[in-house]
Amino acid sequence: MQNADVLIVGGGLVGCATAWHLARGGAQVVLVEAGDIGMGASGQNAGSLHFQLERRFLENGEALAEQAAQTAALNRLAIDDWRRLETELGADLHVVMDGGLMVAETAEQVAILERKVARENAQGINTRLLDGDEARTLAPCLSPGILAAGFLADEGHADARSVTRAFAQAAAASGASLHSRSPVTSASRIERHFEIGFRESTVRAERLVLACGAWTPILCAKLNLHMPLYPVALQMNATERTGPRIGHLIQHVGRRLSMKQTDAGNILIGGGWPARLASDPRGAFDPAGKPVLIPASLAGNLRAAIDTAPFVETLNLIRTWTGVTAISADQLPIVGEVPSMPGCWVAGGGSAFTLGPTFARLMAQAMVGTPTPELDIVSPARFEHLNSFMG
Ligand SMILES: Cc1cc2nc3c(=O)[nH]c(=O)nc-3n(C[C@H](O)[C@H](O)[C@H](O)COP(=O)(O)OP(=O)(O)OC[C@H]3O[C@@H](n4cnc5c(N)ncnc54)[C@H](O)[C@@H]3O)c2cc1C
């Protein structure tokens, strides 16, 4: 049996970034990944760095919008983390933080945008409300139908396929031991330690980090814990390359849309359009199965893109893909130590491309006793009632 200070399950962005922070702090870290590093949601996502309140928090009433606004402190930290990341990792991650526009097309959407901007400003996120002409001056690609936009100078995007790989390389260079193609098959708590089995090995660790995205509840179940995270299948699209047309991250306050132009010139179009989750032979959702594209999602996503930036209609679509991410019962991420199982840390849910580097840094700090009040709002403690009957 091998010993470690910390065993991390999941080689996505969150697991690899946590491994890097802990290993460079001197901890003995083992990371175990079922497939290849970065092949889960971390390698399939849209690469948006969005710090304005997401549309999904604005369409389900004021209470949810207000709750989500309380995560602004995390967003402020994430902005700084992303601005440092390429230098810290010594890697080109195609980080572009030239600002983001969240657009509105109807009077009702403008009213939502106004409330959103006020809420963000109250939390120290300096979004500015622009009218349609101001927005088009900044981003000439926008349609004449855009009536207003929230502009946040810190938003942007990065290359999802590079980021996790760079964290993994930095973690390994700092001494972490990374095992890919090694699904964890057993997990148990024995007195004050965890014993984790994969391939023919067992690792005994004082701390366990479950950073396995949509699979986190499955790993939690091995420890007799409930964690209210659910798999969600989403789809993404990429157009052929074109000359520079979109300099910002573009989102929509009333429709599912995120759009950006990559370094190579492709337009990436997404925004939370659903795909269909695979199911296992018993009919349960299978997060490991490949989600199936929903044609209506594809059409709806492209319609929203063209209505927002009409030039998109002239481009050929070259690729559509699906991916699986996790959503929690209250839509906020779940990040922190599980109160009923000291030593067991969970990080799942939320937009963890944007926030993942920050979750990882804060968890690593919290493990060595540094206060991390920003994590309070996302702590798994809010779901402890689900574990009050678990032995
Ligand atoms: C299509 C799409 C678009 C998105 N767009 C954005 C965006 O623009 N901006 C944003 O902020 N977020 C976005 N997200 C969400 C974001 O990608 C995720 O929140 C983030 O990548 C989660 O990272 P993670 O490391 O927690 O999980 P993952 O990247 O899913 O990694 C979890 C890993 O755990 C491994 N694992 C599972 N079970 C086991 C086991 N038994 N043993 C060992 N390993 C195991 C998996 O193989 C996987 O590699 C998007 C998601 C999708 C799917």
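Quick look at the domain arrangement of the protein chain
Taken domain by domain, the protein chain comprises domain 1 (2-43 + 161-228 + 330-387) and domain 2 (97-155 + 230-328). Each side of the interface is counted separately: domain 1 has 13 residues, and domain 2 has nine residues. When the buried surface of domain 1 facing domain 2 is broken down by residue, Ala214, Trp215 and Pro228 rank first, second and third, together holding 48% of it. For the side of domain 1 that touches domain 2, a count of residues per class yields seven nonpolar, four polar and two charged.

Points about the pairing of strand E15 (residues 266-274)
Regular strands place their side chains on alternate faces of the sheet. Relative to E15, strand E12 (residues 229-241) is paired through five bridges, and the arrangement is antiparallel. For Asn237, the partnering residue across the bridge sits in E15 and is Ile269. Here strand E14 (residues 258-261) folds back onto E15, and the loop between the two strands holds four residues, one of which, Gly265, carries a positive phi near 110°.

Focus: the packing of helix H4 (residues 72-89) against helix H10 (residues 356-367)
Where H4 contacts H10, the two axes come as close as 8 Å, and the packing angle between them is 100°. By the criterion of interaxial angle, the relationship of H4 to H10 is roughly perpendicular. On H10, the residues touching Leu74, Leu77, Ala78, Asp81, Trp82, Arg84 and Leu85 of H4 are Pro357, Thr358, Phe359, Arg361 and Leu362.

Points about the environment of Ala17
As for its placement among the helices and strands, Ala17 is situated in helix H1 (residues 13-24). What makes Ala17 buried here is its relative accessible area of 0%. Excluding anything up to four places from it in sequence, Ala17 contacts Phe167 and Ala360.

Definitions and limits used
Residues numbered from 1 in each chain as written. Predicted model: local features only at pLDDT ≥ 70, side-chain atom pairs only at ≥ 80, totals over all residues. Heavy atoms only, no water. Domains from an automatic or database assignment. Contact = heavy atoms within 4.5 Å. Buried area = accessible area lost by both parts, 1.4 Å probe. Nonpolar A, V, L, I, M, F, W, Y, C, P; charged D, E, K, R; others polar. Pairing = 2+ DSSP bridges. Helix = DSSP H or I, 4+ residues; strand = E, 2+ residues; numbered from the N terminus. Axes fitted to C-alpha atoms, helices over the stretch in contact; angles between N-to-C directions. Parallel < 35°, antiparallel > 145°, perpendicular 65-115°, else oblique. Buried < 20%, exposed > 50% of the residue type's maximum accessible area, 1.4 Å probe, protein only.

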